[in-house]
Amino acid sequence: MQVRKAVIPAAGLGTRFLPITKAVPKELLPIIDRPMLQYVVEEAAEAGVEEIIVVTSRGKESIASYFQPRPELEDRLAGSGASDLLESIQYVSSLAHVSFVIQEEPLGLGHAVLTASDAVGDEPFVVILPDDVVDHRPGVISQMLDVASKFQGGVIAVEQVPWETIHNYGVVDAEERDTRTHFIKQLVEKPAREDAPSNLSIVGRYILPAEIFDCLERTPPGAKGEIQLTDGIQLLLEQHDVYAYEFLGTRYDGGTPMGLLRASLEFGMAREDTGDEIRALIRELANDLSDD
Ligand code: G1P
């Protein structure tokens, strides 16, 4: 199965990262030296996505600048022989065609996805939440496309989480059909622990048919008084099969300062250019702690 378009909701206020998000969009906060957003754009491009539609809000224009070419900077880097850096900035603009739609009001994730309906049109597409950064090759979207082809349905990424954290997530009630793959019977957004049908929590990757837009038009406000994507998918189940897929890879919660710090350390350890220094730093800090 081939999916050409991805929607990346990036309109939130980033309150967990205030005060920095007063001036810098959360999605541009770095894991080492690249914005969180770049990791998910790379994951989409790797899966064959050609067009990225970022749903953003006013005041977050720097997201667009990040994906635009900077000819004067390129000339300077070329002139000073910094070919690695030159390549790194050209690479960002070459990943995919990136366009933007504005969500005028913060009415929820389902509403943000609905805002992109004209840009997506009448074809299946991917939704990627940039806070959920997952380290794996092949990426989660590539893995999910295989499941979508095999089962001919929509696919949502899920992972098992401790029951005491389940109220933070969308949760699926599903029947196992294959290794790591479950047929979804029902979904609930942010249930209380006692109401949660399982501990399979939704992670921010969805492959959806265009019919989701009609469902989102009919979705009333739900958890937190917002139009929830989870509730829209619940309506979609009446006409379309959707599967939950337990992906391969580690998910980092880039939506919180500690999650982003952990991602920076682990991604940094895995990188050739920073791995040794970061391991040495962690050892030094661990020694300092054990001396206390
Ligand atoms: C959103 C979704 C939720 C999902 C979560 C994953 O919630 O609504 O279903 O489990 O992302 O990160 P949020 O984190 O925006 O509250």
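Computed from a prediction, not measured in an experiment: that's the story for all the values here.

S.K.: Quick question: what am I supposed to make of the environment of Q186 here?
M.R.: Relative to the elements of secondary structure, Q186 occurs in strand β10 (residues 181-189). Assessed through its relative accessible area of 34%, Q186 is described here as partly exposed. Linking Q186 and Q234, residues 48 residues apart in sequence, is a C-alpha distance of 6.3 Å. Each residue touching Q186, except ones within four places of it in the same chain, is listed here: V171, V172, D173, Q234 and L237.

S.K.: Help me out: how do you make sense of a nonpolar patch on the surface in this one?
M.R.: A grouping of M258, L261, L265 and I282 is seen on the molecular surface, where their side chains present a nonpolar patch of about 350 Å² in accessible area. Here the element with the most residues in the nonpolar patch is helix α10 (residues 257-270); it accounts for three residues. Tracing the sequence through the fold places M258 in helix α10.

S.K.: Is there a simple way to explain α10 in this structure?
M.R.: Every α-helix carries 3.6 residues per turn, so stepping three or four residues along brings you back to the same face. In this model, α10 (14 residues) spans 20 Å end to end at C-alpha, consistent with the 20 Å of a helix rising 1.5 Å per residue. Buried within α10 we find G259, L260, A263, S264, F267 and G268. In a view along the axis of α10, the buried residues occupy a sector of 155°, so they form one face of it. Exposed residues lying more than 90 degrees from the buried face of α10 are M258 and R262. Considering only its buried residues, α10 is in contact with β2 (30-31), α1 (36-46), β7 (132-135), β13 (250-253) and α11 (275-291).

Basis of the calculations
The written sequence of each chain sets the order in which its residues are numbered from 1. This being a predicted model, a pLDDT of at least 70 is required before a residue's local features are given, and a value of 80 or more before pairs of side-chain atoms are given or counted; all residues contribute to the totals for chains, interfaces and linings. Side-chain metrics in this entry use all non-hydrogen atoms of the structure; hydrogen atoms and water are not considered. Numbering goes from the N terminus for both helices and strands, where a helix is a DSSP run of H or I of at least four residues and a strand is a run of E of at least two. Only protein chains enter the accessibility calculation, which uses a 1.4 Å probe. A residue is then buried if its area is under 20% of the maximum for its type, exposed if over 50%, and partly exposed in between. Contacts were defined at the residue level, with two residues in contact if any of their heavy atoms lie within 4.5 Å. A patch consists of residues whose relative accessible area exceeds 30% and which take part in no salt bridge; residues with like charges are grouped when within 9 Å of each other, and nonpolar side chains (Val, Leu, Ile, Met, Phe, Trp, Tyr) when within 5 Å. Surface accessibility in these figures is a Shrake-Rupley result with a 1.4 Å probe; residues are shielded only by whichever protein chains are displayed. Salt bridge, as used here, is a side-chain nitrogen of Lys or Arg placed within 4 Å of a carboxyl oxygen of Asp or Glu. By definition here, a helix of n residues has an expected span of 1.5 Å times n minus one. Each C-beta atom gives one direction from the helix axis, and the arc is the one those directions make.

Worth remembering: the numbers are spatial, not functional.
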